[in-house]
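Observations on chain architecture
Residues per chain are reported as follows:
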Amino acid sequence: MRCPYCGSEDSQVKDSRPAEDGNAIRRRRICPDCGGRFTTFERVQLRELMIIKKTGRKVPFDRDKLLRSFEIALRKRPVDRDRIERAVSGIVRRLESSGEIEIPSEEIGLQVLEALKSLDDVAFVRYASVYRDFSHAEDFEKVIAEISAKIARDPGE
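Here's a quick rundown of the structure. Please read these numbers as outputs of a predicted model, since none were measured by experiment.

1. Structural notes on the packing of helix 3 (residues 105–119) against helix 4 (residues 121–131)
Close contact between helix 3 and helix 4 brings their axes to 8 Å; oriented N to C, the two are set at 160°. One finds that helix 3 runs roughly antiparallel with respect to helix 4. When you trace helix 3 past helix 4, the crossing you get is left-handed. Contacts between helix 3 and helix 4 involve Glu106, Gly109, Leu110, Val112, Leu113, Leu116 and Lys117 from the first element and Asp121, Ala123, Phe124, Tyr127, Ala128 and Tyr131 from the second. Taken together, the residues of the contact of helix 3 with helix 4 break down into nine nonpolar, one polar and three charged.

2. Thoughts on the pattern of salt bridges
What the rule picks out here adds up to eight salt bridges. Between Lys58 and Glu102 there is a salt bridge, with its nearest N and O atoms 2.7 Å apart. Of this pair, Lys58 sits in strand 5 (residues 58–60) while Glu102 is found in strand 6 (residues 102–104), placing the two residues 44 residues apart along the sequence. Residue Lys58 is classed as partly exposed on the basis of its relative accessible area of 44%. Judged by relative accessible area, which is 36%, Glu102 ranks as partly exposed. Taken together, the salt bridges that share partners define one network made up of Arg63, Glu71, Arg81 and Glu85.

Each value, and the rule that gives it
Residues numbered from 1 in each chain as written. Predicted model: local features only at pLDDT ≥ 70, side-chain atom pairs only at ≥ 80, totals over all residues. Heavy atoms only, no water. Axes fitted to C-alpha atoms, helices over the stretch in contact; angles between N-to-C directions. Helix = DSSP H or I, 4+ residues; strand = E, 2+ residues; numbered from the N terminus. Parallel < 35°, antiparallel > 145°, perpendicular 65-115°, else oblique. Left-handed = near helix turned anticlockwise from the far one by under 90°. Contact = heavy atoms within 4.5 Å. Nonpolar A, V, L, I, M, F, W, Y, C, P; charged D, E, K, R; others polar. Salt bridge = Lys/Arg side-chain N within 4 Å of Asp/Glu carboxyl O. Buried < 20%, exposed > 50% of the residue type's maximum accessible area, 1.4 Å probe, protein only.

Coordinates in, geometry out; function isn't part of it.
Take a look at the structure:
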């Protein structure tokens, strides 16, 4: 593994342990050249997924981009990092086990919305405003009314 600090081609694994509910291996590494320490994650990839964008362009699926979407929506929200990782891993597992190699970006967006709805209402509204391309205050009001109705139906959540 290349060192992110000095670019050395060599690094040593100091510690390995399961991460993300056993779906990945977390490795702590050290660079023998500069002494830099860093963490890597090793995951099983069942198949190479391609995302079909709204324009029709196809791009390789990027788990890190999916994770960044969650992090942006959940910025400054009280949601544990492990819950975010589990949500992302769940979406990736569903995509890989769907049997499809090419997946429309809209399908991923819907799965992110569904996951955010159960994680944090504010993050859900943030993501929905971009995903659904809100252009007026009424768009926000409609989504907030949906959330309020859900809370009224299920007060225990």
